[in-house]
Amino acid sequence: MSCSCGGKAVINLRYAGKRLCKTCFIRLFEKRVKKTIRELYPVKRGDRLIVGLSGGKDSTVVLHMMAKLPLPPREIIAITIDEGIEGYRDKGLEAAKNIAKEYGVEHKVFRYKNEVGMSLDKIMEFSKEPACSHCGVLRRTLLNKAVKELGGDLLVTGHNLDDAVQSCFMNLIRNEPSKIASFIKQKETKGFVKRIKPLVSSPEKEVALYAMLHNMPIDSEECPYARFSLRAHVRKMINELEEKYPGTKFKIFQSMLNIKSEDDREFKLCEHCGSPSSGKICMFCKRKKQYKRYLTPQN
Ligand code: SF4
Ligand code: ZN
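Residues numbered from 1 in each chain as written. Chains lettered and ligands numbered in written order. Predicted model: local features only at pLDDT ≥ 70, side-chain atom pairs only at ≥ 80, totals over all residues. Heavy atoms only, no water.

Visitor: Lay out the site of ligand 1 in plain terms, naming residues and giving numbers.
Guide: In the neighbourhood of ligand 1, the contacting residues comprise Glu 83, Leu 120, Ala 131, Cys 132, Cys 135, Arg 139, Cys 223, Tyr 225 and Ala 226. In terms of residue count, the dominant contributor to the shell around ligand 1 is helix α6 (residues 131-149) (four residues). Its residues placed into classes, the shell around ligand 1 shows seven nonpolar, no polar and two charged. (Near = heavy atom within 4 Å. Helix = DSSP H or I, 4+ residues; strand = E, 2+ residues; numbered from the N terminus. Nonpolar A, V, L, I, M, F, W, Y, C, P; charged D, E, K, R; others polar.)

Have a look at this one:
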């Protein structure tokens with residue numbers, strides 16, 4: 001089967017009822033990312049973009065896009081969060097370092113161990129909660145901190161369409177509907193850094209194909225804790241729906257954009273660290289206090 005231009009097809013877009021060759025696919029992919037940036041996340045001249053670079057496909061493709069697309073002149077710094085997951089993050093870190101070098105951008109690493117005194121592996125030795133619930137709090141705080149320290153204007157992450165749709169379902173399951181629309185565009189709150197997700201309308205499979213067609217030296221290792229997460233179940237369910245009803249993910253994404261209800265959560269500033277928080281003390285400071293009980297000189 002071939003592309004309508006006559007070229008050899010590299011992908012079958014079932015949701016659109018067409019097959020595309022390499023050139024036509026790359027053109028469509030880049031056009032969609034440009035449109036997403038233009039409509040949802042405008043970049044201004046001179047913006048300092050802090051790109052979260054894990055070394056995986058999504059963050060590598062988003063770095064590529066921010067470096068290559070014809071956007072206003074901007075500055076780019078890549079950052080990697082090192083959770084301290086043996087056999088996983090070390091490989092990703094190596095890949096991230098090489099990728100940043102290839103794109104000629106400065107690269108910084110921020111570690112859980114430096115912030116809370118121990119790695120995620122260590123936390124999991126005593127935690128009864130899933131790893132991702134620790135990560136959710138720690139990573140968000142470290143990213144905020146990194147962007148502030150580096151004087152960034154925007155935090156750029158590689159979240160794709162699948163991530164967006166999964167988060168929508170997870171927020172429904174957790175009865176947190178106010179977070180559904182804010183996954184795509186968060187309301188501006190004092191103390192929060194502005195986040196942009198240029199791949200948010202690109203299906204994960206297409207991000208992977210784009211990376212492969214560009215021979216990107218990505219790390220494709222999966223986090224060993226991922227399979228225990230709620231996200232893993234939600235992902236399976238949504239992929240089954242998409243398989244049966246092609247276009248489901250785009251339709252859910254459109255619904256997320258159409259949700260008009262404002263994020264009505266009120267934030268104060270944490271009494272300990274000054275970060276935005278729904279209570280007097282933020283989750284990060286609460287976690288830090290919890291970990292302190294288990295700190296030993298060997299951590
Ligand atoms: Fe952290 Fe969970 Fe992601 Fe692993 S899968 S890096 S534990 S959020
Ligand atoms: Zn705090």
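Visitor: Break down the sheet that holds strand β3 (residues 48-52) for me, with residues and values.
Guide: An order of β5-β4-β3-β6-β7 is seen for the five strands of this open sheet, with the pairing classed as parallel. The sheet is open, and its two borders are formed by β5 (106-111) and β7 (194-196), each paired with just one other strand. Within the sheet, the average angular offset between the axes of one strand and its neighbour, ignoring direction, is 30 degrees. Across three bridges, β3 lies against strand β6 (residues 154-156) in parallel orientation. Across the sheet, the residue bridging to Ile 50 is Leu 155, located in β6. Packed on one face of the sheet, helix α2 (residues 57-68) meets β3, β4 (75-82), β6 and β7 and runs near 160 degrees to β3. (Pairing = 2+ DSSP bridges. Axes fitted to C-alpha atoms, helices over the stretch in contact; angles between N-to-C directions. Contact = heavy atoms within 4.5 Å.)

Visitor: Which residues make up helix α3 (residues 89-102), and what values do they have?
Guide: An α-helical turn contains 3.6 residues, so a residue and the one three or four places further along point in the same direction. Counted at 1.5 Å a residue, the expected span for α3 with its 14 residues is 20 Å, and the 20 Å between its end C-alpha atoms agrees. Listing the buried residues of α3 in full gives Arg 89, Gly 92, Leu 93, Ala 95, Ala 96, Ile 99 and Ala 100. The buried residues of α3 all sit within an arc of 165 degrees when viewed along its axis, so they share a single face. In α3, the exposed positions angled more than 90 degrees off the buried face are occupied by Lys 101 and Glu 102. Summarising the contacts, the buried residues of α3 are in contact with α2, β4 and β5. Within two residues after α3, Gly 104 carries a phi angle of roughly 65 degrees, on the positive side. (Expected span 1.5 Å × (residues − 1). Buried < 20%, exposed > 50% of the residue type's maximum accessible area, 1.4 Å probe, protein only. Arc of directions from axis to C-beta.)

Visitor: Could you give an account of the packing of α6 against helix α12 (residues 283-292), with specific residues and numbers?
Guide: Running from amino to carboxyl end, α6 crosses α12 at an angle of 120 degrees, the nearest separation of the two axes being 9 Å. Taken together, the axes of α6 and α12 are oblique relative to one another. Crossing of α6 against α12: the hand is left-handed. For the pair α6 and α12, the contacting residues are Ser 133, His 134, Val 137, Leu 138, Thr 141 and Leu 142 in the first and Met 283, Phe 284, Arg 287, Gln 290 and Tyr 291 in the second. Here the contact of α6 with α12 is composed, by residue class, of six nonpolar, four polar and one charged. (Parallel < 35°, antiparallel > 145°, perpendicular 65-115°, else oblique. Left-handed = near helix turned anticlockwise from the far one by under 90°.)

Visitor: Explain the coordination of the zinc ion (ligand 2) residue by residue, including any values.
Guide: Looking at the metal site, the zinc ion (ligand 2) is ligated by Cys 270 (SG), Cys 273 (SG), Cys 282 (SG) and Cys 285 (SG), spaced 2.2 to 2.3 Å from it. Geometry at the zinc ion (ligand 2) is tetrahedral, judged from the four donor atoms that bind it and their angles of 106 to 113 degrees at the metal. Between consecutive donors of the zinc ion (ligand 2), the numbers of intervening residues give the motif C-x2-C-x8-C-x2-C. Under the relative-accessibility criterion, Cys 282 is labelled buried at 5%. Residue Cys 285 is classed as buried on the basis of its relative accessible area, which comes to 13%. (Donors = N, O, S within 2.8 Å, 3.2 Å for Na, K, Ca; no water. Tetrahedral: all angles 85-135°; square planar, octahedral: opposite > 155°, others 65-115°.)

Visitor: Before we move on, can you summarise the environment of Phe 228 with the specific residues and values?
Guide: Its place among the elements puts Phe 228 in the loop between α9 (204-213) and α10 (230-244). Taking the C-alpha atoms as reference points, Phe 228 and Pro 130, 98 residues apart in sequence, are found 7.2 Å from one another.

Visitor: Can you tell me about the pairing of strand β1 (residues 9-13), naming the residues and giving the values?
Guide: The side chains of a regular strand alternate, residue by residue, between the two faces of the sheet. Two strands pair when backbone bridges link them, and β1 and strand β2 (residues 18-21) are joined in this way by four bridges, in the antiparallel orientation. The residue of β2 that forms the bridge with Ile 11 is Leu 20. Adjacent in sequence and paired antiparallel, β1 and β2 are bridged by four residues, among which Gly 17 carries a positive phi angle near 65 degrees.

Visitor: With reference to specific residues and values, describe the side chain of Thr 36.
Guide: On the secondary structure map, Thr 36 appears in helix α1 (residues 22-40). A relative accessible area of 6% means that Thr 36 is categorised as buried. Here Ser 201 takes part through its side chain, which lies 2.6 Å from a polar atom of the side chain of Thr 36. The residues touching Thr 36, leaving out its near neighbours within four places in the chain, are Tyr 41, Lys 197, Pro 198, Val 200 and Ser 201. (Polar contact = N/O pair within 3.5 Å; in protein donor to acceptor, adjacent residues only side chain to side chain.)

Visitor: Lay out the nonpolar core with the relevant residues and their values.
Guide: Judged by nonpolar contacts, the single largest core of 57 residues is most densely connected at Phe 25, Phe 29, Val 61 and Met 66. With seven residues, α1 is the largest single contributor of residues to this core. Filtering out sequence-adjacent residues up to four positions away, Met 66 remains in contact with Ile 37, Val 43, Leu 49, Leu 71, Arg 74, Ile 76, Val 156, Ile 196 and Pro 198. Val 116, Leu 150, Leu 155 and Cys 285 belong to the second-largest nonpolar core, a separate cluster that totals 32 residues. (Core = buried A, V, L, I, M, F, W, Y, C linked by side-chain atoms within 4.5 Å.)

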